[in-house]
Every structure is written in C-alpha cells, then in structure tokens.
Amino acid sequence: MKFNTKALLGAAAVALIAGSASAADLTCLITKNNTNPFFVKMKEGAEAKAKELGMDFQAFAGEKDGDAAPQITAIENCVAAGAKGILITPSNDSVGPALKDARAAGILVIALDTPLEDPEAQDMTFATDNFEAGKLIGAWAKATLGDAAKDAKIGMLDINKDNISVDVARDTGFLVGFGIEVPDLKVMGSETDPRVIGHESSGANPEGGVTSVENLLAKNPDMNVVYTINEPAAEGAYQALKKAGKEQGVLIVSVDGGCPGIASVKSGVIGATSQQYPLLMASKGVEAIAAFAKDGTKPAATEGLTFFNTGVNLVTDKPAAGVESIDSTKGTELCWG
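Notes on the structure follow. Given the structure is predicted, the values throughout are model-derived calculations rather than measurements.

So, how was this worked out
The residue numbering used here restarts from 1 in each chain and proceeds along that chain's sequence as written. Given that the model is predicted, a residue must reach a pLDDT of at least 70 before its local features are reported, and side-chain atom pairs must reach 80 or more before they are shown or counted; all residues, however, enter totals for whole chains, interfaces and linings. Each side-chain value is worked out from all heavy atoms of the structure, with water and hydrogens disregarded. The numbering of helices and of strands both runs from the N terminus, where a helix is a DSSP run of H or I of at least 4 residues and a strand a run of E of at least 2. Radius of gyration here uses only the C-alpha atoms, and the compact-globule reference equals 2.2 Å multiplied by the residue count raised to the power 0.38. Accessible area is worked out with a 1.4 Å probe on protein chains only. A residue is then buried under 20% of its type maximum, exposed over 50%, and partly exposed in between. Working rule for contacts: check all heavy atoms of both residues, and any pair within 4.5 Å makes them a contact. Note on areas: Shrake-Rupley, 1.4 Å probe, and residue coverage restricted to the protein chains presented here. Positive charges are assigned to Lys and Arg, negative charges to Asp and Glu, while His and the chain termini are left out of the count. Throughout, a charge is located at the NZ atom of Lys, the CZ atom of Arg, the CG atom of Asp or the CD atom of Glu. Pairing between two strands is assigned when DSSP locates at least 2 bridges connecting them. Fitting a line to C-alpha atoms yields each axis, with helices limited to the stretch in contact; the angle taken between N-to-C directions then spans 0 to 180 degrees. Handedness of a helix crossing follows the sense of rotation of the near helix relative to the far helix, less than a right angle counterclockwise being left-handed and clockwise being right-handed. When two cysteine sulfur atoms lie within 2.5 Å, the pair is treated as a disulfide.

1. Some remarks on the overall build of the protein
Thought 1: Helix and strand counts for the protein stand at 11 helices and 12 strands.
Thought 2: What you see for the protein is a C-alpha radius of gyration of 20 Å, in line with the 20 Å of a compact globule of 337 residues.
Thought 3: Principal-axis analysis of the C-alpha atoms places the extent of the protein at approximately 65 × 35 × 35 Å.
Thought 4: Counting all 337 residues of the protein, 55% fall into the buried class.
Thought 5: For the protein, contacts bridging at least 24 residues in sequence account for 70% of all contacts bridging at least 6.
Thought 6: Entry remark: accessible area of the protein is about 13500 Å², with carbon and sulfur atoms responsible for 52%.
Thought 7: Considering the protein, the positive charge centre built from 29 side chains and the negative charge centre built from 43 side chains are found 2 Å apart.

Here is the structure:
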C-alpha cells in the first residue's frame, strides 16, 4: 500500500499495532514518491522478497522528491508498529533525526540509493555508486565530443538546491568525468569552469526538465550538452529542445536505466545513461533485515566502500573509446519499469 497523507499514515500505524501485521518480522519501505518507475520497481522487488522470506511488508511514500514530512510520519508509524527494519530512499537529511530514533529503538535502518549525510542515521546504504554513474556519462560525453569538448556548453539538471547526496554525487561525478575541476565534491555548483552554463532544479520529473532547459537556453542558446539527474528529467529536456528546434546536435545524458530510458537511448533521444538496479537494492535490503531479525547480523559494506554497491553499467548505442559500456539491447534485458 501507498499512503501520501499524515492521516492515512496514522491509520496504517493503528492497523499495524492492532495486529494486522506481525511486528516481529515487519519490514517498512519508504520511498520518495510512488510515481517514478524507479521507486515503483523498488517496491515490487522489496515486496516480492518479503513474501519469499515470509516477512510482513508495508510500503509508504512521500508525494514528491524533497518532500520529507510524509516520510518522517511514516518512520514514526513504523517505529510505533515495532517494525524490525526500515528501507528508505530519503527525500533529504531532515529525516535523519527520526531515523536515529528508529535505530535507538532497535530497528535496522537501510538507506536505498540515497545515503544520509549523518552516518548515525542509517546502519548501511544499498546503492549504485552514484558518483561513478555520473563519471561514466561525463567521460562518455567528453569522448563523444572529442576536441570540441574544450568549448562545450553544458546545462546541469539537478533535483533541487538541497544538496541531496544522490543529486550531488551524480552532478559532481559527471563534471569530473567530463574533465571539469570541482573544488568541493559535497556541494553542487562549486566549479568555476565557463563551460558550465548553470544548474537548474528539475524536480527529477519531465515538467521540471522542460522548464530547466528553457531557462538554460535563455542563458545560452548554444548549449550542446545536457546532464540530467534521471530519465524523466531527460524526457522533459528533450521536449524543450525539440520545441526550440535544437534537438539535433545536443547530447543528453542521464542516470537510471529504466525501460523507458533505455528505449530513449535506442531512439537516440538520450545519448547515454548509467543503468542502476533498484530491484536488487530492495531485495538485498529485505534480505539484510531478515538476517538481522534472525540473529542480529548487520550488513557489511562492499570492500573499499562505505556502502553496499549494487552496480552500474553505461548504456549507449554509440560507444566511446576508453569508456566501457553495454548497448541498448543488453540494457533492455536488464531494465526495469
């Protein structure tokens, strides 16, 4: 089930406490929203794994990226219901105190895709290496442009201005991959390279992608590279470019790897995308909660990293020298949504 209001979240908690689910093996999934295919697939993966392992499962969601209030309410209700574990794609770091309270109550907290700044707010993160995902599309764009990369005009479509970890990692990773110096890898926009036209808040959705590109074209109509936080934003970016008659000769790159995004790679709308695997994040997260419920075992990070890495592949039908990739046919076999 999905709940988007505090009233409904409260009702769900009452139902759980009344005995509609067993608190001893209850897993809660809390996503940023319930419309992005990435989060839809994440829910499917978590729910299927919970059923396979005989665990009770409840799913909750915020209304949009960056909307933390419904997530905080969901966390509090999961704590009240005695959940054994919480899987969450945090909207921003303001959910941290509620998650710390959950951990203090003996609940295993696993961040999915988006780690929190406060390491005490989660036991572990299961995620794509988002910085690496950004580097891959940045390196591909630079190699594809060749000598013209030194005069590129780049527009950056982020989620918002909150410096959410996943937003920062993909943004700065792209710039580093493109060969642009980034003085502060923890803050978006610290670069001074004149090739970057600007950073716009897309909300990670098509409507925001349209508005962002319109704003960037107003700043520089010669923009020829568009970085997008995800494929819904890339869809809007293309719509705006097409409306302006500028869809030809502009490289659009993105991150996610959902089936609609891979179809856009195949059609040429998106030049390259970094594919991540939300079903794996979710299913591995549920497995970790099951292990914790059984004997208190907590998940370990991938060697050399501070999180459990669920992998990433660059998908493009125009491979670039020196940048490892798979094509859209293989990407379609692995896609989701």
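2. Some points on the sheet that holds strand β2 (residues 56–61)
Thought 1: Pairing is parallel in the open sheet, where six strands are placed in the order β2-β1-β3-β4-β5-β11. Two strands bound the open sheet, and with one partner strand each, they are β2 and β11 (308–309).
Thought 2: The sheet contacts of helix α3 (residues 69–80) involve β1 (26–31), β2 and β3 (85–88), and relative to β1 the element is tilted by about 175°.

3. With respect to the packing of helix α2 (residues 37–52) against helix α10 (residues 278–295)
Thought 1: Between α2 and α10, whose axes approach to 7 Å, the crossing angle comes to 35°. As for how α2 packs across α10, the hand of that crossing is right-handed. Residues Phe38, Lys41, Met42, Gly45, Ala46, Lys49 and Ala50 of α2 lie in contact with α10, whose contacting residues are Pro278, Leu279, Met281, Ala282, Ser283, Val286 and Glu287.

4. Observations regarding the state of the cysteines
Thought 1: Tallying each qualifying case throughout the model produces two disulfides.
Thought 2: The disulfide partner of Cys28 is Cys78, and the S-S distance across this bridge is 2.3 Å. Here Cys28 and Cys78 share a disulfide; its torsion about the S-S bond, -110°, makes the bridge left-handed. On the criterion of sequence distance, the pair formed by Cys28 in strand β1 and Cys78 in helix α3 is long-range, its members being 50 residues apart. Across the pair, exposure class does not vary: Cys28 and Cys78 are buried alike.
Thought 3: Through a disulfide, Cys259 is tied to Cys335; the S-S separation comes to 2.0 Å. Between Cys259 and Cys335, the S-S dihedral sits near 90°, and the bridge is therefore right-handed. In this pair, Cys259 sits in helix α9 (residues 259–267) while Cys335 sits in the segment after α11 (328–334), placing the two residues 76 residues apart along the sequence.
Thought 4: Residue classification places Cys259 among the partly exposed residues on the basis of a relative accessible area of 24%.

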